[in-house]
Amino acid sequence: MAIRVAIDVMLAERRMSVGELAERVGITPANISILKNNHARAIRFSTLEALCEALDCEPGDLLRRENPDTASAPN
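These figures come from a predicted structure and were not determined experimentally. (Residues numbered from 1 in each chain as written. Predicted model: local features only at pLDDT ≥ 70, side-chain atom pairs only at ≥ 80, totals over all residues. Heavy atoms only, no water.)

Once that is clear, we can look at the overall build of the chain. Along its length, the chain carries five helices and two strands. Counted from the first residue to the last, the chain has its helices and strands arranged as β-α-α-α-α-α-β. When each of the 75 residues of the chain is scored for burial, the buried share is 27%. The contacts of the chain with a sequence gap of at least 6 include a subset with a gap of at least 24, amounting to 63%. Summed over all atoms, the accessible surface of the chain reaches about 5500 Å², with 48% contributed by carbon and sulfur. (Helix = DSSP H or I, 4+ residues; strand = E, 2+ residues; numbered from the N terminus. Buried < 20%, exposed > 50% of the residue type's maximum accessible area, 1.4 Å probe, protein only. Contact = heavy atoms within 4.5 Å. Areas by Shrake-Rupley, 256 points an atom, 1.4 Å probe, with all protein chains shown as cover.)

Along the chain, the position of Thr47 falls in helix H4 (residues 45–55). Its relative accessible area of 16% is what places Thr47 among the buried residues. In this structure Thr47 touches Val25 and Ile27, once residues within four positions along its chain are discounted.

So, on to the pattern of salt bridges. All told, the structure shown has three salt bridges when counted by the stated rule. Note that Arg4 is salt-bridged to Glu66, the shortest N-O span being 3.2 Å. Linking Arg4 in strand E1 (residues 2–5) with Glu66 in strand E2 (residues 63–66), this pair joins segments that are 62 residues apart in sequence. According to the relative accessible area criterion, Arg4 is partly exposed, its value standing at 29%. Across the salt bridge formed by Glu20 and Arg24, the nearest N and O atoms sit 2.8 Å from each other. Separated by four residues within a single helix, Glu20 and Arg24 lie in helix H2 (residues 18–25), roughly one turn from each other. In this structure Glu20 comes out as partly exposed when scored by relative accessible area, which is 32%. (Salt bridge = Lys/Arg side-chain N within 4 Å of Asp/Glu carboxyl O.)

Right, dumping it as structure tokens:
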């Protein structure tokens, strides 16, 4: 199973740019992109809290658990 960060969905719903979110959260746009593109290996609770505050959401709105593709599993 994989945990995905759904920042792109939240940004689109709020019509907010990566740069604006980065400024509100206090991290670089590059780090927002790393999270947005699911290349992050970890996230600090303080960063998650700041994202939730900036996007007016709950942690569960940002974090998604995805099941692996069962179609590729052997029988």
